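# Examining the three-dimensional arrangement
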Amino acid sequence: MTTGQHRTTEPGTGPEDSERLPSLAEQMADQLGGWRGLVESSIPVVVFVIANILGELRPAVIASVAVGLLIAGLRLAQRRPVRHAVNGLFGIGIGAAIAWRTGDERDFYLPGILYGIGYGLALLVSAAIRQPLVGWIWSVLVAKGRSEWRDDPRLVRTFTQLTVLWGVVWLAKVGVQAGLYLAHQDTALGVARLALGYPPYALLLLITVWTVRRVTREAAAPEPLPGA
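Quick caveat, the model's predicted, so the values are computed rather than measured. (Residues numbered from 1 in each chain as written. Predicted model: local features only at pLDDT ≥ 70, side-chain atom pairs only at ≥ 80, totals over all residues. Heavy atoms only, no water.)

## Quick word on the overall build of the protein chain
- Across its full length, the protein chain holds 11 helices and 0 strands.
- Relative to its 228 residues, the protein chain shows a buried fraction of 39%.
- Only carbon and sulfur atoms are counted for the fraction: they give 66% of the accessible area of the protein chain, which is about 12,400 Å². (Helix = DSSP H or I, 4+ residues; strand = E, 2+ residues; numbered from the N terminus. Buried < 20%, exposed > 50% of the residue type's maximum accessible area, 1.4 Å probe, protein only. Areas by Shrake-Rupley, 256 points an atom, 1.4 Å probe, with all protein chains shown as cover.)

## A word on the packing of helix H8 (residues 133-141) against helix H9 (residues 153-182)
- Put simply, H8 and H9 touch, their axes get as near as 7 Å, and they point 105° apart. Classified by the interaxial angle, the pair formed by H8 and H9 is roughly perpendicular. Residue-level contacts link Leu 133, Val 134, Gly 135 and Trp 138 of H8 to Phe 159, Leu 162, Thr 163 and Trp 166 of H9.
- Classifying every residue of the contact of H8 with H9 by side-chain character gives 6 nonpolar, 2 polar and no charged. (Axes fitted to C-alpha atoms, helices over the stretch in contact; angles between N-to-C directions. Parallel < 35°, antiparallel > 145°, perpendicular 65-115°, else oblique. Contact = heavy atoms within 4.5 Å. Nonpolar A, V, L, I, M, F, W, Y, C, P; charged D, E, K, R; others polar.)

## Here we look at the confidence of the model for the protein chain
- Averaged over every residue, the pLDDT of the protein chain is 78; the share at 70 or more is 74%.
- Counting contacts from residues 1-21, a segment whose pLDDT is below 50, to residues more than four positions away or on other chains yields 34 contacts. (pLDDT = per-residue confidence, 0-100.)

## Topic: the side chain of Asp 186
- Among the secondary structure elements, Asp 186 is positioned in helix H10 (residues 186-195).
- Of the side chains with opposite charge, Arg 106 comes closest to the buried, unpaired Asp 186, at an N-O distance of 4.4 Å.
- Filtering out sequence-adjacent residues up to four positions away, Asp 186 remains in contact with Glu 105, Arg 106 and Tyr 109. (Lys, Arg positive; Asp, Glu negative; His and termini not counted. Salt bridge = Lys/Arg side-chain N within 4 Å of Asp/Glu carboxyl O.)

## Things to note about helix H5 (residues 57-77)
- Over its 21 residues, H5 runs 30 Å from end to end, which matches the ideal 30 Å to within 8%, given 1.5 Å per residue.
- Among all positions of H5, only Leu 57, Ala 60, Val 61, Ser 64, Gly 68, Ile 71, Ala 72 and Arg 75 are buried. Looking straight down H5, one finds that the buried residues subtend no more than 110° of arc, so they occupy a single side. Looking at H5, the residues exposed on the side facing more than 90 degrees away from the buried face are Leu 69, Leu 70, Leu 76 and Ala 77. (Expected span 1.5 Å × (residues − 1). Arc of directions from axis to C-beta.)

## Points about the pattern of salt bridges
- Following the criterion strictly, the structure yields 1 salt bridge and no others.
- Asp 104 serves as the salt-bridge partner of Arg 106, at 3.1 Å between the closest nitrogen and oxygen.
- Of the residues examined, Arg 106 reaches a relative accessible area of 11% and is grouped as buried.

## Some thoughts on H8
- Taken together, the buried positions of H8 are Val 134, Gly 135, Trp 138 and Ser 139. Down the axis of H8, the buried side of the element spans an arc of 145°, and every buried residue falls inside it.

## Some remarks on unusual backbone geometry
- One non-glycine residue, Arg 130, adopts positive backbone phi at about 65°.
- The phi torsion at His 184 lies on the positive side, around 60°, for a residue other than glycine.
- Inspection of the secondary structure puts His 184 in the loop between H9 and H10.

## So, the nonpolar core
- The biggest cluster of nonpolar side chains holds 35 residues, and the ones touching the most others in it are Phe 48, Phe 108, Tyr 109, Phe 159, Trp 166 and Trp 170.
- For this core, the secondary-structure elements that each account for two or more residues are helix H4 (34-54), H5, helix H6 (83-102), helix H7 (110-128), H8, H9, H10 and helix H11 (198-220).
- Looking at which element gives the most residues to this core, the answer is H9, with 9 residues.
- For Trp 170, the contacting residues outside a window of four places in its chain are Gly 116, Tyr 119, Gly 120, Tyr 201 and Leu 204. (Core = buried A, V, L, I, M, F, W, Y, C linked by side-chain atoms within 4.5 Å.)

## Comments concerning the packing of H7 against H9
- Where H7 contacts H9, the axes come no closer than 8 Å and their chain directions differ by 155°. One way to sum up the angle between H7 and H9 is to call them roughly antiparallel. Along this stretch, H7 crosses H9, giving a crossing that reads as left-handed. Contacts between H7 and H9 involve Leu 110, Ile 113, Gly 116, Ile 117, Tyr 119, Gly 120, Leu 121, Leu 123, Leu 124, Ser 126 and Ala 127 from the first element and Thr 160, Thr 163, Val 164, Trp 166, Gly 167, Val 168, Trp 170, Leu 171, Val 174, Gln 177, Ala 178 and Tyr 181 from the second.
- Of the residues in the contact of H7 with H9, the class split is 16 nonpolar, 7 polar and no charged. (Left-handed = near helix turned anticlockwise from the far one by under 90°.)

Right, here's the structure in full:
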């Protein structure tokens, strides 16, 4: 089978499959959890920041974890997807446990900073060894587990460039948070956690989906006949 045949039969990239795939907006909504998911994942952090400003650390930790549990329980009761709520609760829980143990409110944000550093470095390393992480994530989330993009040099190059973009942006936003952490700017760190959370992620996701769809459509387009 030729490379061209691979490109037209790959689920998630071919012209026939593209009609059956969710639209760009639907894919964005699924990955972000919709507006409700965006808001619900941010509420525990907002509660912690406000409660910590108005009161003490431990009541703020209790309040943020309680709100996270309430949101997850509400989603379960309504039989709604809990993936985003559980992911957020897991991150909140680890940070809350560390802050509770050390008594330092900055440590509430430490797991997210360390995770961000590791994720950013993993992205850049995967691009450097020509196994772009964004490409493999695309295979899992969009292309139904297929990875024929590996046979297309143009798609490999596209996913590599996108992976570098994700890695650089991720390390940049984590660098800002790490700087505030080391400077003991606790309130500013909480604000940065919110401001540098979903907005950059949503923008990167939009760029990725749009770019890959454009490249695969161009690759699948029939070549003009000689002399046409």
